[in-house]
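# Topology and contacts: notes
Here's the letter readout for the chains.
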Amino acid sequence: MFTIASLWIPFTLVAALGQVARNAMQRSLTGPLGTWGATNIRFLFGFPFSILFLAVVLVATGDKVPWPAPVFWPWLLLGALSQIVATGMMLVAMNDRSFVVTTAYIKTEAIQAAIFGFIFLGDHLTWLKVIAIVIATAGVVITALRPGGEKSFAEVKPTIVGLVAAAFFALSAVGFRGAVISVPGVSFVTAASCTLVVGLFVQTLVLTIYLLARAPDVLRKILGLWKPSMLAGFMGAFASQFWFLALALTAAANVRTLALVEVLFAQAVAYYSFKQPLSAREFSGIVLIVAGVALLVAA
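Everything quoted here is computed from the prediction, not taken from an experiment.

Conventions used here
- Residues numbered from 1 in each chain as written.
- Predicted model: local features only at pLDDT ≥ 70, side-chain atom pairs only at ≥ 80, totals over all residues.
- Heavy atoms only, no water.
- Helix = DSSP H or I, 4+ residues; strand = E, 2+ residues; numbered from the N terminus.
- Polar contact = N/O pair within 3.5 Å; in protein donor to acceptor, adjacent residues only side chain to side chain.
- Patch = residues over 30% accessible without salt bridge, like charges linked within 9 Å, V, L, I, M, F, W, Y side chains within 5 Å.
- Areas by Shrake-Rupley, 256 points an atom, 1.4 Å probe, with all protein chains shown as cover.
- Salt bridge = Lys/Arg side-chain N within 4 Å of Asp/Glu carboxyl O.
- Buried < 20%, exposed > 50% of the residue type's maximum accessible area, 1.4 Å probe, protein only.
- Axes fitted to C-alpha atoms, helices over the stretch in contact; angles between N-to-C directions.
- Parallel < 35°, antiparallel > 145°, perpendicular 65-115°, else oblique.
- Left-handed = near helix turned anticlockwise from the far one by under 90°.
- Contact = heavy atoms within 4.5 Å.
- Nonpolar A, V, L, I, M, F, W, Y, C, P; charged D, E, K, R; others polar.
- Core = buried A, V, L, I, M, F, W, Y, C linked by side-chain atoms within 4.5 Å.
- Phe/Tyr/Trp six-rings, centres within 6.5 Å; stacked < 30°, edge-to-face > 60°.

### Examining the side chain of Thr 250
One can find Thr 250 in the loop between α10 (226-247) and α11 (252-258). For Thr 250, the side chain forms a polar contact with the side chain of Asn 254, separated by 2.7 Å.

### Description of a nonpolar patch on the surface
A cluster of nonpolar residues, Ile 115, Phe 118, Ile 119 and Phe 120, forms a patch on the protein surface that exposes about 440 Å² of accessible area. By the secondary structure assignment, Ile 115 is in helix α5 (residues 109-121). The exposure class of Ile 115 is partly exposed, given its relative accessible area of 46%.

### Some thoughts on the packing of helix α2 (residues 46-61) against helix α8 (residues 188-214)
One can describe the packing of α2 onto α8 by two numbers: an axis separation of 9 Å at closest approach and a directional angle of 160 degrees. Between α2 and α8, the crossing angle belongs to the class labelled roughly antiparallel. Two packed elements cross with a definite hand, and for α2 against α8 that hand is left-handed. Contacts from Gly 46, Phe 47, Ser 50, Ile 51, Leu 54, Val 57, Leu 58 and Thr 61 in α2 reach Val 189, Thr 190, Ser 193, Cys 194, Leu 196, Val 197, Leu 200, Phe 201 and Thr 204 in α8. Of the residues belonging to the contact of α2 with α8, the class tally is 11 nonpolar, six polar and no charged.

### Details of the nonpolar core
Among the nonpolar cores identified, the biggest contains 56 residues, and Trp 8, Leu 76, Trp 243, Phe 244 and Leu 258 are the most heavily contacted of them. Broken down by element, this core gets its largest block of residues, eight residues, from helix α7 (residues 156-180). With residues up to four places along the chain from it excluded, the contact list for Trp 8 reads Ala 246, Leu 249, Thr 250, Asn 254, Val 255, Leu 258 and Leu 296. One finds Ile 41, Phe 45, Leu 219 and Ala 232 within the second-largest nonpolar core, a separate group that totals nine residues.

### With respect to the packing of aromatic side chains
All told, the structure shown has 10 aromatic pairs when counted by the stated rule. With a centroid separation of 6.5 Å and an interplanar angle of 45 degrees, the aromatic rings of Phe 11 and Phe 188 are classed as tilted. Within this pair, whereas Phe 11 is found in helix α1 (residues 8-44), its partner Phe 188 is found in helix α8, the two being separated by 177 residues in sequence. Phe 11 gets classed as buried once you look at its relative accessible area, which sits at 14%. Aromatic rings pair up to connect Phe 11, Phe 49, Phe 53, Phe 188, Phe 234, Phe 238 and Phe 242 into one cluster.

Below, the structure is given as structure tokens:
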């Protein structure tokens, strides 16, 4: 039976599944909208759903809309803006290097989240949890690499850009956790929901202003594709709701390490939907991911 403190585990698993679904929906919109247009969908169309989620939570808990403390805002801006910067740097890295190798760089986020969480929030991690994070991350790197892909890691520019992108993703998780736990006087569910609403508002505002200035035609195309965009926005807000609930209960490093199960979900889709067999390398990487995640949950 789960205690309140351990609810971060199912919350993270639900969020990971939701994110896989959202990514699939966004991918289909990248062609007509471009990368930044498809990215803005998760914020622009996710924002109204986040308000709906907050309304449901307030009715269910009886909490009032909280007024965040001053310390909330720096954490919130760190989380929201770091996520946008991380996405941009990830795209730059993917232009310079293959998708799978860049993915391997990005998944070092869990290790960096452990470091940033300890420095900025004082999140305590036992040695067993640190070992679990390293094992699971190594499994992702092994799974992502292709024969001959190891040579790519020797190239300085994509390596640096990819690792810096991972650092911003880690800072984003730590920033959002800092914002959630600084909301006073309400349940963790209300704190997470309120933080999500404000975070999506900031991200929607920033990206919409950017598109207005640089690519106004993209915004018109987004409005023309409102039906598929609405579903992608819902899945994005749904996944984010559970990410924030998990971050309210445990260190960002724990959440981002367990989130590596996304790789397992992706492999399962490739195997069952596209009949792509697993290589010995991929199988060994999956074994490490499962071992690392199992140790993390048990520690």
